[in-house]
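One letter stands for each residue in the lines below.
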Amino acid sequence: MKNTALTKIHEALGAKMVPFAGYNMPVQYEGVTIEHETVRNAVGVFDVSHMGEFLIEGPHALELIQKVSSNDASKLTVGKAQYSCLPNDNGGIVDDLIIYRVKEETYLLVVNASNIEKDWNWIQSKNDVGATMRDLSEDYSLLAIQGPKAIEAMQSLTSHDLSAIKFYNFEVGDFAGIDHVIISATGYTGSGGFEIYCKNSEVEQIWTKVLQAGANFGIKPIGLAARDTLRLEMGYCLYGNDIDDTTSPIEAGLGWITKFTKGFTNSEALKAEKERGPERKLVGFELDDRGIPRHGYDIVDGNGNTIGNVTSGTMAPSVGKGIGLGYVPPVFASPGSKINIQIRKNAVPATVVKLPFYKG
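This structure is a prediction, so every number in the text was calculated from the model and none was measured.

### Quick look at the nonpolar core
Phase 1: Counting residues in each nonpolar core, the largest one holds 39 residues, and the members touching the most others are Phe46, Val48, Tyr100, Ile243 and Leu254.
Phase 2: When contributions to this core are tallied by element, the ones reaching two or more residues are strand S3 (23–28), strand S6 (81–87), strand S7 (93–103), strand S8 (106–111), strand S10 (140–146), helix H7 (224–233) and strand S18 (321–328).
Phase 3: Residue contributions to this core peak at four residues, all from H7.
Phase 4: The residues contacting Phe46, other than those within four sequence positions of it, are Val39, Leu142, Leu143, Ala144, Gln146, Thr189, Trp207, Ile222, Gly223, Arg227 and Leu230.
Phase 5: Among the nonpolar cores identified, the runner-up in size contains 29 residues, and Leu143, Ala176, Ile183 and Phe194 belong to it.

### A look at the pattern of salt bridges
Phase 1: Here the structure, examined in full by the defined rule, presents 14 salt bridges.
Phase 2: Taking the shortest distance from any N to any O, the salt bridge between Glu233 and Arg40 comes out at 3.0 Å. Here Glu233, found in helix H7, pairs with Arg40, found in helix H2 (residues 32–41); they are 193 residues apart in sequence, far enough to count as distant. Across the pair, Arg40 and Glu233 agree in class, each one buried.

### What about helix H4 (residues 116–125)?
Side chains that are three or four residues apart share a direction in an α-helix, a result of its 3.6 residues per turn.
Phase 1: Of the positions making up H4, those classed as buried are Ile116, Asp119, Trp120, Trp122 and Ile123. When H4 is viewed along its axis, its buried side chains cluster within an angular range of 165° and face the same direction. Exposed side of H4, more than 90 degrees from the buried face: Glu117 and Ser125 are the residues found there.
Phase 2: Residues of H4 that are buried in the fold lie against strand S5 (52–57), helix H3 (61–68), S6, S7, S8 and strand S9 (132–135).

### A short note on the domain arrangement of the protein chain
Phase 1: Here the protein chain is described as being made up of domain 1 (2–49 + 138–233), domain 2 (52–122) and domain 3 (279–359).
Phase 2: The gap between the C-alpha centroids of domain 1 and domain 3 is 31 Å.
Phase 3: Across the contact, nine residues belong to domain 1 and twelve residues belong to domain 3.
Phase 4: For the pair domain 1 and domain 3, the two sides together bury roughly 860 Å², of which 59% comes from carbon and sulfur.
Phase 5: It is Arg40, Leu232 and Glu233 in domain 1 that bury the most area against domain 3; as a group they hold 65% of the surface buried on that side.
Phase 6: Taken together, domain 1 and domain 3 are joined by zero salt bridges.
Phase 7: At the surface where domain 1 touches domain 3, the tally comes to six residue pairs in polar contact (both at pLDDT 80 or more).
Phase 8: Elements supplying a minimum of two residues to the side of domain 1 that touches domain 3: H2 and H7.
Phase 9: When the residues that make up the side of domain 1 that touches domain 3 are grouped by side-chain class, the tally is one nonpolar, four polar and four charged.

### Focus on the environment of Ile292
Phase 1: Along the chain, the position of Ile292 falls in the loop between strand S15 (281–287) and strand S16 (298–300).
Phase 2: It is 9.2 Å that separates the C-alpha atoms of Ile292 and Ala316, two residues lying 24 residues apart in sequence.
Phase 3: If near-sequence neighbours (up to four positions away) are discounted, Ile292 is found in contact with Leu287, Tyr297, Thr314, Met315 and Ile343.

### Remarks on the sheet that holds strand S2 (residues 16–20)
Phase 1: Ordered by their spatial adjacency, three strands build an open sheet running S1-S3-S2, and the pairing between neighbours is mixed. The strands lining the two open edges of the sheet, one partner per strand, are strand S1 (2–3) and S2.
Phase 2: Bridge count between S1 and S3: two bridges; the pairing is parallel. From the neighbouring strand, Lys2 faces S3, where its bridge partner is Tyr23.

### Observations regarding the sheet that holds S16
Phase 1: Read once around its circumference, the closed barrel built from six strands follows the order S15-S18-S17-S16-S19-S20, with strand pairing classed as antiparallel. Recorded for the sheet is a direction-independent mean angle of 45° between the axes of neighbouring strands.
Phase 2: Here six bridges tie strand S19 (residues 338–343) to strand S20 (residues 346–353), and the two strands are oriented antiparallel to one another. Paired with Asn340 across the bridge in S20 is Pro349.
Phase 3: Set on the sheet, H7 makes contact with strand S17 (306–316) and S18; between it and S17 the angle comes to about 120°.

### Some thoughts on the side chain of Asp72
Phase 1: Along the chain, Asp72 falls in the loop between H3 and S6.
Phase 2: Its relative accessible area of 7% is what places Asp72 among the buried residues.
Phase 3: Within polar-contact distance, the side chain of Asp72 engages the side chain of Ser74 at 2.6 Å.
Phase 4: With near-sequence residues (within four places) excluded, Asp72 lies in contact with Gln66, Gln82, Lys259, Thr261 and Lys262.

### Concerning helix H8 (residues 267–276)
Phase 1: Of the residues making up H8, those classed as buried are Ser267, Leu270 and Glu273. Here the buried residues of H8 occupy an arc of 120° about the axis, which is enough to place them on one side. Facing away from the buried surface of H8 by more than 90 degrees, the exposed residues are Glu268, Glu275 and Arg276.
Phase 2: Backbone geometry just downstream of H8 places Gly277 in the positive-phi region, at approximately 95°.

### Observations regarding the pairing of S20
Phase 1: Strand direction decides the pairing type here: S15 and S20, joined by four bridges, are antiparallel. Directly across from Phe285, in S20, lies its bridge partner Val352.
Phase 2: Counting the residues in the hairpin turn of S19 and S20 gives two residues, including Arg344, whose phi is positive at 55°.

About the cut-offs
- Residues numbered from 1 in each chain as written.
- Predicted model: local features only at pLDDT ≥ 70, side-chain atom pairs only at ≥ 80, totals over all residues.
- Heavy atoms only, no water.
- Core = buried A, V, L, I, M, F, W, Y, C linked by side-chain atoms within 4.5 Å.
- Buried < 20%, exposed > 50% of the residue type's maximum accessible area, 1.4 Å probe, protein only.
- Helix = DSSP H or I, 4+ residues; strand = E, 2+ residues; numbered from the N terminus.
- Contact = heavy atoms within 4.5 Å.
- Salt bridge = Lys/Arg side-chain N within 4 Å of Asp/Glu carboxyl O.
- Arc of directions from axis to C-beta.
- Domains from an automatic or database assignment.
- Buried area = accessible area lost by both parts, 1.4 Å probe.
- Polar contact = N/O pair within 3.5 Å; in protein donor to acceptor, adjacent residues only side chain to side chain.
- Nonpolar A, V, L, I, M, F, W, Y, C, P; charged D, E, K, R; others polar.
- Pairing = 2+ DSSP bridges.
- Axes fitted to C-alpha atoms, helices over the stretch in contact; angles between N-to-C directions.

If you want it as structure tokens, here you go:
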């Protein structure tokens, strides 16, 4: 089991630690609901240093990225980031990721912790153009400072105007007394904020100063459990649950990051799928009655026939009801459609809704 550079600090704070993607990670500190509400209403800080970071560099870096990713990375200028995915050869997804253009010929790819080795091998297998690849995952840490008070709470830590960094843009500069830190206006919560990339040797200083600077704004450390409820309220996909090697970006509702203005892995097949329409679609639903939908539960029609399965589900603190994501045939995919979630012996009625669940 790997540790992040902050594991001892989490333990000292009384965090409940669990194995996650091969890492010893804090799942919660005070409790999921308290932590969730802290991010929605104030500001919280997550240690997500388990995520993977690859540098792709050189005159052929963009060529390789264009070949392996679904979005159009040629649109990226230095200082901009982009959500994308790595399609596989069979219509599924190797991983979803964020691509940062750090310099003219230098890109940072941030991938899911559980897929670091898989993604590296996949991209390397497609690198017949001679791009330089470096895996920085073991050397770098990542903090997510999320919530509506993040800008105000963190401004004292940097000379950069945080309010001027637009969504999916970033600066490389000073933060919490450390130079050359990536300050990225990205996140997985839907409540605004930043993600801070730094070296492992620097993260303890940054963590300490972030908590000090945020003290008057109600900042708290937040665990992975609240990260999951926050992202689910936004309808954001989680790799391994809502998307995987068997789900296409088209059926997962990721057509907006799948650009057919260029060729990429399996693009012809995905284009054909988009044109004819997928056989199933990922939808969001809210339970009409009490209950909590969970990953793996069956979705059934009015006659009790299984029509799909729940990929993610929870009791949503900000929405006040059971919510979930799942795949259903297109006939059940329109907002307002009635479905049922099989929770043990009960088929609990639910309604398909337009995402996100949480409107802010």
